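One letter stands for each residue in the lines below.
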Amino acid sequence: MNESLKIPRKLSPTKYALLTGTILLTSAGLITRVLGFFYRIFLSRTIGAEGLGVFNLIHPVFGICFALCAGSIQTAISQSVAANARKGRSVFRSGLIISMGISVVLAYAIIQFKDIIANNILMEPRCAPLLIFVAVSVPCAAVHACINGYYYGMQKPQVPALAQIIEQSIRIGAVFLIADIMIRSGITITVQLAVLGHLIGEIASSLFTITAYRFFPPKMAPGVSHVHSGFQETAPELMQVALPLMGNRLILNILFSAEAILIPSRLQMSGLSDSAALSVYGVLTGMALPFILFPSTVFNSLAVLLLPTVAEAQSEGNDRRIGLAISMSLRYCLYVGILCIGIFTLFGDDLGVSVFKDNTAGGYMTILAWLCPFIYLVTTMGSILNGLGKTSVTFIQNVISMMVRLFFVLFGIPKFGIVAYLVGTLVSELLLALMHVLTLKKIVDFVWNAWDMIVKPSTLMILAIGIYYAAFSLFDPFAGLSLFFKTALHIGILSIFYLVLLLGVHMMKKDPEGEAF
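Residues numbered from 1 in each chain as written. Predicted model: local features only at pLDDT ≥ 70, side-chain atom pairs only at ≥ 80, totals over all residues. Heavy atoms only, no water.

1. A word on the nonpolar core
So, step 1. The biggest cluster of nonpolar side chains holds 137 residues, and the ones touching the most others in it are Ile58, Ile326, Phe344 and Tyr498.
So, step 2. Beyond its immediate stretch of four places on either side in the chain, tyrosine 498 contacts Tyr335, Ile338, Leu339, Pro457, Leu460, Met461 and Ala464.
So, step 3. By size, the runner-up hydrophobic cluster in this structure holds 6 residues, among which are Leu252, Leu255, Phe395 and Leu406. (Core = buried A, V, L, I, M, F, W, Y, C linked by side-chain atoms within 4.5 Å. Buried < 20%, exposed > 50% of the residue type's maximum accessible area, 1.4 Å probe, protein only. Contact = heavy atoms within 4.5 Å.)

Shown next as structure tokens:
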């Protein structure tokens, strides 16, 4: 028998499901992120940095609505189904009814009060007509969030993964088509096109997940049957999990919204005009941050699947499995985070110029590069804490982190400009990552080796950079290529040097965490 076919047998069923699920979601996430990059490039060159700033101002409104009607209920469905799959179908249906009811009320409220929201809260009148598209997208988001939560809880991530790709593909395809028609007709492209694309993507994703659930519902294990429970029985249990998450996410989204709204106004206090402030905000949120967050696709996928896995392990009293999951997450978050620091500090300027034709975006990337390990740690450690039922702890720690950032926004930006916000973001994410890790250390015993997880990969990254400079100091075979392709190839080669060194060190030392969890 082919040896490659024997590899999965060395893994426990749970670890194999987690690994394959993470690979699947990561692949889907990478595809959507790559598509999203081309989409961002297109938007930056059609609606400009100021248009991106206006577009990103309406995101907090959608984020608050999603927190109330979808995100928390999706997590509650996933966690509840993972703990008791036999009642999963009834839990899902109850969650969908609650989610849709809340989403319709929110959509109506946004449409009715769009002018008040735009003028008095977002402080940008141009957002008023855009909020209508946001309102219609809220019920669509609620539908596919609940269905995805059911599939995640059953550890069947295929449908959510495909939904990501379909949503992004249809959004981009529709926007490109509409833009082409507008250009041919001599119509000016505005930020309204980007918001319309958002709505089209949400509609496509909801229709796909509904179709998938209708024809390909997640199946139970052989010999296990569904237990049907009524709404009055399942709804209270579900909301007992969802309500704390809902409150937590609502407060966090309000704080995030306050940050997003305050940044342009504080930039004006630093001496920028209204247009310049929105442009700086657009460059930061629409150009620099998407690059920095690109590798987080891997850890977002891992976090989604870790939550039900950890919840299941806790219900079984298997602390060892939880500890191994934490150690594995810590190790790979730091490995990839350190690699990203090297990439963005070395190539941030070239990426900003070659992709967005903007020097400022590259400067922001080189500063934000140091965020990478902490963002990835926060994503995975926060998910594990939620899976352990410590939602109140993660909430308090996230609020502390957000308050630190708001402090820099309120008092730092007027004096030092956008650099104060970048520094504040670094400080808050570092603080949050430390709080998450220290809290987990008090709850579960896990392996933490600073030498293996920080010193070793950092040393190997420095060595890889040295090899890279030595290899290209005399001759660059890619010098004749465009800046984008040359930069991409240089990044790929540096990554290969680092990964080969890392793999070589691991092969010299048997990994004590190689056991199945």
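2. Here we look at the packing of aromatic side chains
So, step 1. For the structure shown, the criterion picks out 14 aromatic pairs.
So, step 2. A ring pair is formed by phenylalanine 92 and tyrosine 150, whose centres lie 5.1 Å apart and whose planes are at 10°; its orientation type is stacked. Here tyrosine 150 lies in helix H6 (residues 128–153) and phenylalanine 92 lies in helix H4 (residues 88–112), a separation of 58 residues in the sequence.
So, step 3. A relative accessible area of 2% means that phenylalanine 92 is categorised as buried. (Phe/Tyr/Trp six-rings, centres within 6.5 Å; stacked < 30°, edge-to-face > 60°. Helix = DSSP H or I, 4+ residues; strand = E, 2+ residues; numbered from the N terminus.)

3. Details of the side chain of threonine 380
So, step 1. Checked against the element boundaries, threonine 380 lands in helix H14 (residues 372–387).
So, step 2. Exposure remark for threonine 380: the relative accessible area of 0% places this residue in the buried category.
So, step 3. Engagement of the side chain of threonine 380 in a polar contact is seen with the backbone oxygen of leucine 377, the distance being 3.4 Å. (Polar contact = N/O pair within 3.5 Å; in protein donor to acceptor, adjacent residues only side chain to side chain.)

4. Let's talk about the state of the cysteines
So, step 1. A complete count under the given rule lists 0 disulfides for this structure.
So, step 2. There is no disulfide at cysteine 340, and the cysteine sulfur nearest it, in cysteine 372, is 4.6 Å away.
So, step 3. You can call cysteine 340 buried: its relative accessible area is 5%. (Disulfide = S-S within 2.5 Å.)

5. Observations concerning the packing of helix H3 (residues 59–83) against H6
So, step 1. Closest axis-to-axis distance for the H3/H6 pair is 8 Å, and the angle between their directions is 10°. Classified by the interaxial angle, the pair formed by H3 and H6 is roughly parallel.
So, step 2. When the residues that make up the contact of H3 with H6 are grouped by side-chain class, the tally is 19 nonpolar, 6 polar and no charged. (Axes fitted to C-alpha atoms, helices over the stretch in contact; angles between N-to-C directions. Parallel < 35°, antiparallel > 145°, perpendicular 65-115°, else oblique. Nonpolar A, V, L, I, M, F, W, Y, C, P; charged D, E, K, R; others polar.)

6. What about the pattern of salt bridges?
Should their charged atoms come close, side chains of opposite charge can pair.
So, step 1. Counted under the stated rule, the structure contains 9 salt bridges.
So, step 2. Residue glutamate 233 is joined to lysine 87 by a salt bridge in which the shortest nitrogen-to-oxygen separation is 3.6 Å. You can see glutamate 233 sitting in helix H9 (residues 231–269) and its partner lysine 87 sitting in the loop between H3 and H4, a full 146 residues away along the chain.
So, step 3. Residue glutamate 233 is classed as partly exposed on the basis of its relative accessible area, which comes to 42%. (Salt bridge = Lys/Arg side-chain N within 4 Å of Asp/Glu carboxyl O.)

7. Section: the side chain of histidine 144
So, step 1. Checked against the element boundaries, histidine 144 lands in helix H6.
So, step 2. Of the residues examined, histidine 144 reaches a relative accessible area of 8% and is grouped as buried.
So, step 3. Reaching out from histidine 144, the side chain makes a polar contact with the side chain of glutamate 202 at a distance of 2.7 Å.
So, step 4. Ignoring sequence-local partners within four residues, the contact set of histidine 144 consists of Glu167, Glu202, Ser205, Ser206 and Thr209.

8. What about helix H18 (residues 483–508)?
So, step 1. Across its 26 residues, H18 extends 38 Å between first and last C-alpha, which sits within 8% of the 38 Å expected from 1.5 Å per residue.
So, step 2. If you check which residues of H18 are buried, you get Thr487, His490, Ile491, Leu494, Ser495, Tyr498 and Leu502.
So, step 3. Where the residues of H18 are buried, they touch helix H12 (319–356) and helix H17 (450–472). (Expected span 1.5 Å × (residues − 1).)

9. What about unusual backbone geometry?
So, step 1. At methionine 123, a residue that is not glycine, the phi angle is positive and equals roughly 55°.
So, step 2. Relative to the assigned elements, methionine 123 resides in the loop between helix H5 (114–121) and H6.

10. Some details on a nonpolar patch on the surface
So, step 1. A cluster of nonpolar side chains, contributed by Trp448, Trp451, Ile454 and Val455, occupies part of the molecular surface with about 400 Å² of accessible area.
So, step 2. As for its placement among the helices and strands, tryptophan 448 is situated in the loop between helix H16 (418–443) and H17.
So, step 3. What makes tryptophan 448 partly exposed here is its relative accessible area of 41%. (Patch = residues over 30% accessible without salt bridge, like charges linked within 9 Å, V, L, I, M, F, W, Y side chains within 5 Å. Areas by Shrake-Rupley, 256 points an atom, 1.4 Å probe, with all protein chains shown as cover.)

11. Side note on the confidence of the model for the chain
So, step 1. When the pLDDT values of the chain are averaged, the result is 83; 88% of them are 70 or greater.
So, step 2. Taken as a whole, residues 1–9 scores under 50 in pLDDT and shows 3 contacts with residues more than four places along the chain or in a different chain.
So, step 3. Within the model, pLDDT remains below 50 along residues 511–517, and this stretch shows 23 contacts once partners closer than five positions in the same chain are excluded. (pLDDT = per-residue confidence, 0-100.)

12. So, the packing of H14 against H16
When two helices pack together, their arrangement is captured by the angle between the axes and the distance separating the axes.
So, step 1. Across the interface, H14 lies against H16 with an axial gap of 9 Å and an inter-helix angle of 35°. As for the relative orientation of H14 and H16, their crossing is left-handed in sense. Contacts from Phe374, Ile375, Leu377, Val378, Met381, Gly382, Ile384 and Leu385 in H14 reach Glu429, Leu430, Leu432, Ala433, His436, Val437, Thr439, Leu440 and Ile443 in H16.
So, step 2. Looking at the contact of H14 with H16 residue by residue, the classes come out as 13 nonpolar, 3 polar and 1 charged. (Left-handed = near helix turned anticlockwise from the far one by under 90°.)

13. Re the environment of valine 427
So, step 1. Within the secondary structure, valine 427 sits in helix H16.
So, step 2. Of the residues examined, valine 427 reaches a relative accessible area of 38% and is grouped as partly exposed.
So, step 3. Along the primary structure valine 427 and phenylalanine 374 are separated by 53 residues, whereas in three dimensions their C-alpha atoms are 9.9 Å apart.
So, step 4. Among all residues touching valine 427, those that are not within four sequence positions of it are Val404 and Phe408.

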